[in-house]
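The chain contents come next:
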Amino acid sequence: MISVPQIQIRQTPGLIGIDADLGRQDIKQPRATFEMSVERPQQEIRQPAGELVIDQSRAWDALGKGPALETFNRIYSQAREVALQGIARIVENGNRMAQIHLKTNPIADIAEQLTFDFFEFNYVGEAAYDNVDIRYTARKPEIQVTDGRVNLTTHPNAPEYEYIRGKLDIYMQQYPQVEISVPQIDYKA
């Protein structure tokens, strides 16, 4: 068997090296020059006092502390009815005592009734939730305003800018190479 010689090729790639540093920049912005003056506003307020009127005469009347003339008028207007009711009660009690033969005790019944049931004059006024009358007269405030002012003076300052360049080095770290190896050929064979 005949051996065929082979050619060998070896390749080394090229490598590029890069060395870079970023640049640097500094920016400063001085504050603006600012001046302000204020003229203060002025305000005058005058408040006249309001007027409050409270009428609680109906409430006192409902509690029995009303005017004497009205109280006596009420008692006078009810006196006839109270007298008639008293007479009717006396007649009714007499009739009950006349029926003593019915095996009841009318005297005890009348005494019990007198302890719990008696008529009295209604001399107080009508009780209601709105017996107190309240009237308030409000007065509007008197307001005078003098406007104020703000005076502004502004001067902007330019920014301060500085830039320092970085570096960029590009170099061959490894050169490319191709190696070809040829075997020796024996011509004798």
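1. A short note on a nonpolar patch on the surface
Moving on, step 1. A contiguous nonpolar surface patch, about 700 Å² in accessible area, is contributed by Ile16, Ile18, Leu168, Ile170, Met172 and Tyr175.
Moving on, step 2. Broken down by secondary-structure element, the contributors of at least two residues to the nonpolar patch are β2 (15–20) and β11 (168–174).
Moving on, step 3. Residue contributions to the nonpolar patch peak at three residues, all from β11.
Moving on, step 4. Here Ile18 lies in strand β2.
Moving on, step 5. Overall, the relative accessible area of 58% leaves Ile18 in the exposed class.

2. Let's talk about helix α2 (residues 68–98)
Moving on, step 1. Counted at 1.5 Å a residue, the expected span for α2 with its 31 residues is 45 Å, and the 43 Å between its end C-alpha atoms agrees.
Moving on, step 2. For α2, the principal kink sits at Ala79 and spans about 40°.
Moving on, step 3. Those residues of α2 not exposed but buried are Thr71, Gln78, Val82 and Asn93.

3. Looking at the environment of Gly86
Moving on, step 1. Among the secondary structure elements, Gly86 is positioned in helix α2.
Moving on, step 2. Separated by 24 residues in sequence, Gly86 and Ala62 have C-alpha atoms that sit 26 Å apart.

4. A short note on the environment of Ser57
Moving on, step 1. Checked against the element boundaries, Ser57 lands in helix α1 (residues 57–62).
Moving on, step 2. Of the residues examined, Ser57 reaches a relative accessible area of 38% and is grouped as partly exposed.
Moving on, step 3. Measuring from C-alpha to C-alpha, the distance between Ser57 and Asp133 comes to 8.8 Å, with 76 residues separating the pair along the chain.
Moving on, step 4. Polar side-chain contacts of Ser57 include one of 2.9 Å to the side chain of Asp55.

5. Thoughts on the pattern of salt bridges
Moving on, step 1. Enumeration according to the criterion identifies eight salt bridges in this entry.
Moving on, step 2. Residues Arg58 and Asp133 are paired through a salt bridge, measuring 2.7 Å at the closest nitrogen-oxygen approach. Taken together, the residues span a long stretch of sequence, with Arg58 in helix α1 and Asp133 in strand β7 (residues 133–137) at a distance of 75 residues.
Moving on, step 3. For Asp133, a relative accessible area of 31% gives the class partly exposed.
Moving on, step 4. The closest approach of N and O atoms between Asp61 and Arg74, which form a salt bridge, is 2.5 Å.

6. Things to note about the side chain of Asn131
Moving on, step 1. Along the chain, the position of Asn131 falls in the loop between α3 (106–116) and β7.
Moving on, step 2. Setting aside chain neighbours within four positions, we find Asn131 in contact with Asp55, Gln56, Arg58, Ala59, Ala62 and Glu126.

Rules and cut-offs
Residues numbered from 1 in each chain as written. Predicted model: local features only at pLDDT ≥ 70, side-chain atom pairs only at ≥ 80, totals over all residues. Heavy atoms only, no water. Patch = residues over 30% accessible without salt bridge, like charges linked within 9 Å, V, L, I, M, F, W, Y side chains within 5 Å. Areas by Shrake-Rupley, 256 points an atom, 1.4 Å probe, with all protein chains shown as cover. Salt bridge = Lys/Arg side-chain N within 4 Å of Asp/Glu carboxyl O. Helix = DSSP H or I, 4+ residues; strand = E, 2+ residues; numbered from the N terminus. Buried < 20%, exposed > 50% of the residue type's maximum accessible area, 1.4 Å probe, protein only. Expected span 1.5 Å × (residues − 1). Bend = angle between axes of the 7 residues up to and from the residue. Polar contact = N/O pair within 3.5 Å; in protein donor to acceptor, adjacent residues only side chain to side chain. Contact = heavy atoms within 4.5 Å.

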